[in-house]
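Next come the chains, spelled out residue by residue.
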Amino acid sequence: MPRPTINLRVELAPDNEHGLSLRNPVLVASGTFGYGTEYGRLMDVHRLGAIICKGTTVEERDGNLPPRTVETAAGMLNSIGLQNRGIATLLKDYAPKWARWSTPVIVNIAAESLHDYAELAYQVDTTPGIAGIEVNISCPNIDNGSLPFASNPQSAAAATRAVVEATSLPVIVKLSPNVGDIAAIAAAVEEAGADAISLINTVLGMAVDITTRQPTLGAKLGGLSGPAIKPIALRMVWQVAQAVSIPIIGIGGIASPADAIEFLMAGATAVQVGSATFTNPRAALDVLDGLSAWLHAEGIEDVHEIIGAALPPQ
Ligand SMILES: Cc1cc2nc3c(=O)[nH]c(=O)nc-3n(C[C@H](O)[C@H](O)[C@H](O)COP(=O)(O)O)c2cc1C
């Protein structure tokens, strides 16, 4: 007997005029999949729900001093420092390629001022090949004491507003785990007009080289990613799902179908696979295939049946 078709389609921006309808809820995370073009020979990128490209800034950036990555017991630390080719190159060299793809590409933007967030959103707006914007607010706000925009509800909302007012595209705001009250920040971002929230970015950490007796990373501090951060990310998705009504995209240590299912049950409408791609370039597709197989084995016809299953009853 043929397998019944399972509905995997999810909508990440139900209130936006363009919407952000994905054929499945498995995306690849910013900074772990380049501009998508690099993976074409290794896998069928057109099966992904969406691709989030490397974070882009207004100007090209060289990034931090090496070493920029170090392995940890259950993950890795990175301090790439937003090395990227700048928005003009992205629009000229990559967007025309993305416009020919069936998989939506979401552009991740990063800035150190409200002005630059608005400038990036304005430039990306209605560019063919770009389906939405993910706003990395883990960058220092140089106009206001250099604390990251993500660190409190007011500055997170200000960055969100700057982007929302400069674009008609769906806006996903990516939260940082390096905060006290994640639910309050998520609520402020929703109030400021975000269409969706993604979480989490990396967890601030460090390593020391005992030979040199110095911090291992050139930038001294770095962001921890991989399996080590999954319980933190899950906890935050679960808390935020109870504080907002916009869709949530769960990120953090997802390497297997079961990891993704946990995030969906904790309240995420979709997931992003990040560092796992470095050890297995097909990791996101393996997660997708395993999710489909599990739903089929459970007799579930629509992925929405499990979204939020682990949340307390309302
Ligand atoms: C090498 C590397 C580069 C990253 N670059 C970005 C970036 O440019 N913008 C961003 O928002 N997140 C960036 N991230 C964070 C990831 O998108 C993701 O939020 C984080 O790694 C947690 O997911 P994971 O545990 O599945 O890797 C980067 C992560 C890594 C490991």
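This is a predicted model, so every value here is computed, not measured. All chains use their own residue numbering, which begins from 1 and follows the written sequence. Side-chain atom pairs in this predicted model are given and counted only at pLDDT of 80 or more, local residue features only at pLDDT of at least 70, and totals for whole chains, interfaces and linings cover all residues. To obtain the side-chain values, all non-hydrogen atoms of the structure were used and water was disregarded.

S.K.: What's the story with the site of the ligand in this structure? I'm lost.
M.R.: Any residue with at least one heavy atom within 4 Å of a molecule or strand is counted as near it. Lining the immediate surroundings of the ligand are 23 residues, of which Ser30, Lys174, Gly226, Gly253 and Ser275 lie closest. Between the ligand and Gly253, the relevant distance is 2.7 Å, taken from an oxygen atom to a main-chain nitrogen or oxygen of the residue. Only the protein chains shown count as cover for residues, with accessible areas throughout obtained via the Shrake-Rupley method and a probe of 1.4 Å. When the ligand is considered free in solution it has 610 Å² of accessible area, and contact with the protein chains removes 96% of it. Gly is placed with the polar residues, together with every amino acid not listed as nonpolar (Ala, Val, Leu, Ile, Met, Phe, Trp, Tyr, Cys and Pro) or charged (Asp, Glu, Lys and Arg). Classifying every residue of the shell around the ligand by side-chain character gives seven nonpolar, 14 polar and two charged. Counting of polar contacts relies on pairs of N or O atoms within 3.5 Å, with two restrictions inside protein: one atom must be capable of donating a hydrogen and the other of accepting it, and residues adjacent in sequence are counted only when both atoms are side-chain atoms.

S.K.: Help me understand the packing of aromatic side chains in this model?
M.R.: How two aromatic rings sit relative to each other is given by the distance of their centres and the angle of their planes. Pairing of aromatic rings covers Phe, Tyr and Trp, the last through its six-membered ring, and needs centres within 6.5 Å; plane angles under 30 degrees mean stacked, over 60 mean edge-to-face, and all others mean tilted. Throughout the structure, instances matching the rule amount to four aromatic pairs. Judged by centre distance (4.1 Å) and plane angle (5°), the rings of Tyr35 and Tyr94 are stacked. Placement of the pair is Tyr35 in the loop between β3 (26–28) and β4 (50–52) and Tyr94 in helix α1 (residues 87–98), with a sequence separation of 59 residues. This pair shows no difference in class: Tyr35 is buried, exactly as Tyr94 is. Geometrically, the ring pair formed by Tyr94 and Trp98 is stacked, given 6.2 Å between the ring centres and 25° between the ring planes. Placement of both Tyr94 and Trp98 in helix α1 is noted, with a separation of four residues, approximately one turn of the helix. Here Tyr94 falls in the buried class, since its relative accessible area comes to 11%. In this scheme, a residue with accessible area under 20% of its type's maximum is buried, one over 50% is exposed, and one in between is partly exposed, where area comes from a 1.4 Å probe on protein chains only. A relative accessible area of 2% places Trp98 in the buried class. Taken together, Tyr35, Tyr94 and Trp98 form an aromatic cluster joined through their ring pairs. Strands here are runs of E lasting at least two residues and helices are runs of H or I lasting at least four, both read from the DSSP assignment and numbered beginning at the N terminus.

S.K.: I keep staring at the sheet that holds strand β6 (residues 75–78) and nothing clicks. Help me out?
M.R.: Sheet strands line up and pair through hydrogen bonds in the backbone, either parallel or antiparallel. Strands are labelled as partners when DSSP assigns at least two bridges between them. Taken together, four strands build an open sheet; the order of strands is β5-β6-β14-β11 and the sheet is antiparallel. Two strands lie at the open edges of the sheet, namely β5 (69–72) and β11 (203–206), each paired on one side alone. Across the sheet, the axes of successive neighbouring strands diverge by a mean angle of 40°, strand direction being ignored. Helix axes use the C-alpha atoms of the stretch in contact, all axes being lines fitted to C-alpha atoms, and the angles between their N-to-C directions lie in the range 0 to 180 degrees.

S.K.: Can you walk me through the sheet that holds strand β7 (residues 105–110) in this structure?
M.R.: As summarised here, the arrangement of the eight strands in space is β3-β4-β7-β8-β9-β10-β15-β16, forming a closed barrel in which the pairing is parallel. With strand direction ignored, the average angle separating the axes of adjacent strands in the sheet is 25°. Across four bridges, strand β8 (residues 132–136) lies against strand β9 (residues 171–174) in parallel orientation. Bridge pairing in β9 links Glu134 to Ile172. Contacts are residue-level and defined by heavy atoms, with any inter-residue pair within 4.5 Å sufficient. Each of β10 (196–199) and β15 (248–251) is contacted by helix α5 (residues 230–241), which is oriented at about 170° to β15, the strand it contacts most.

S.K.: For this particular structure, what's the right way to read the packing of α5 against helix α6 (residues 257–265)?
M.R.: Packed helices, taken two at a time, are described by the angle their axes make and the gap between the axes. It is the contact of α5 with α6, at a shortest axis distance of 9 Å, that shows an interaxial angle of 25°. On the basis of their axis angle, the class for α5 and α6 is roughly parallel. Where α5 approaches α6, its residues Lys230, Ala233, Leu234 and Val237 are matched on the opposing element by Asp259, Glu262 and Phe263. Split by residue class, the contact of α5 with α6 holds four nonpolar, no polar and three charged. Any angle that falls under 35 degrees is termed roughly parallel, while one over 145 is termed roughly antiparallel, one within 65 to 115 roughly perpendicular, and all others oblique.

S.K.: Would you take a moment to explain the environment of Glu134 for this structure?
M.R.: Along the chain, Glu134 turns up in strand β8. With 37 residues separating them along the chain, Glu134 and Val171 place their C-alpha atoms 6.0 Å apart. If we ignore the near neighbours within four places in the chain, the residues touching Glu134 are Ser30, Ile52, Ile106, Val107, Asn108, Ile109, Ile172, Lys174, Ser198 and Gln272. Separated by 2.7 Å, the side chains of Glu134 and Ser198 make a polar contact.

S.K.: Looking at this structure, how should I read the nonpolar core?
M.R.: Soluble globular proteins tend to pack their nonpolar side chains together in the buried interior. Of all hydrophobic cores here, the largest spans 100 residues; its most connected members are Trp98, Tyr117, Ile137, Leu175 and Leu199. Looking at this core, the element that brings in the most residues is helix α8 (residues 283–297), giving seven residues. Every residue in contact with Ile137, bar those within four places of it in the chain, is listed here: Tyr117, Pro148, Phe149, Ala150, Ala156, Ala159, Val173, Lys174 and Leu175. We call a set of buried residues a nonpolar core when its members are Ala, Val, Leu, Ile, Met, Phe, Trp, Tyr or Cys and they connect through side-chain atoms within 4.5 Å of each other.

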